[in-house]
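Chain by chain, the residues run as shown.
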Amino acid sequence: MQCIEQALAALRPQHLEIRDDSHRHRGHAGAQDGRGHFAVHVVSEAFRGLPPLARHRLVYTTLGELMTTDIHALQISAKTQEEIQ
């Protein structure tokens, strides 16, 4: 999870939560070892003016190679500070 946190730091988040849900998916195809299922909640001004799909793409792009090496599935909540108040 530290590598995810380090990568997402590029978005300069005001808030970042990362939850590892891997234990809930042990044995699923593509995650036989029970790793790689995460949920992230990111609050960043980098999302301002972007529709939801573009926000998710920005998160995927920011995570880069982790999306193919360490992350099998990712649930994303991407908001601006204004949206959570």
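Residues numbered from 1 in each chain as written. Predicted model: local features only at pLDDT ≥ 70, side-chain atom pairs only at ≥ 80, totals over all residues. Heavy atoms only, no water.

1. Concerning the pattern of salt bridges
Item 1. Overall, the coordinates contain 4 salt bridges when judged by the stated rule.
Item 2. Taking the shortest distance from any N to any O, the salt bridge between Arg48 and Glu82 comes out at 3.8 Å. In this pair, Arg48 is assigned in the loop between strand 2 (37-43) and helix 2 (52-63) and Glu82 in helix 4 (residues 81-84), connecting sequence segments 34 residues apart.
Item 3. Ionic pairing is found between Glu83 and Arg55, a salt bridge with its closest N-O pair at 2.7 Å. Of this pair, Glu83 sits in helix 4 while Arg55 sits in helix 2, and the two are 28 residues apart along the sequence.
Item 4. With relative accessibility at 8%, the residue Arg55 sits in the buried group. (Salt bridge = Lys/Arg side-chain N within 4 Å of Asp/Glu carboxyl O. Helix = DSSP H or I, 4+ residues; strand = E, 2+ residues; numbered from the N terminus. Buried < 20%, exposed > 50% of the residue type's maximum accessible area, 1.4 Å probe, protein only.)

2. What about helix 2?
Item 1. In this model, helix 2 (12 residues) spans 17 Å end to end at C-alpha, consistent with the 16 Å of a helix rising 1.5 Å per residue.
Item 2. What helix 2 keeps buried is the set Arg55, Val59 and Leu63. End-on, the buried residues of helix 2 take up no more than an arc of 70°, which puts them together on one face. Summarising the geometry of helix 2, the exposed residues directed more than 90 degrees from the buried face are Leu53, Arg57 and Thr61. (Expected span 1.5 Å × (residues − 1). Arc of directions from axis to C-beta.)

3. Considerations on the environment of Thr80
Item 1. Assignment of secondary structure puts Thr80 in the loop between strand 3 (73-79) and helix 4.
Item 2. In the structure, Thr80 is positioned 30 residues away from Leu50 in sequence and 9.9 Å away in space, judged by C-alpha atoms.
Item 3. Setting aside residues up to four positions removed in sequence, Thr80 forms contacts with Val43, Ser44, Glu45, Phe47, Arg48 and Arg55. (Contact = heavy atoms within 4.5 Å.)

4. What about the environment of Val40?
Item 1. Turning to its location among the elements, Val40 is positioned in strand 2.
Item 2. What makes Val40 buried here is its relative accessible area of 4%.
Item 3. Along the chain, Val40 and Leu74 lie 34 residues apart, while their C-alpha atoms are 7.4 Å from each other.

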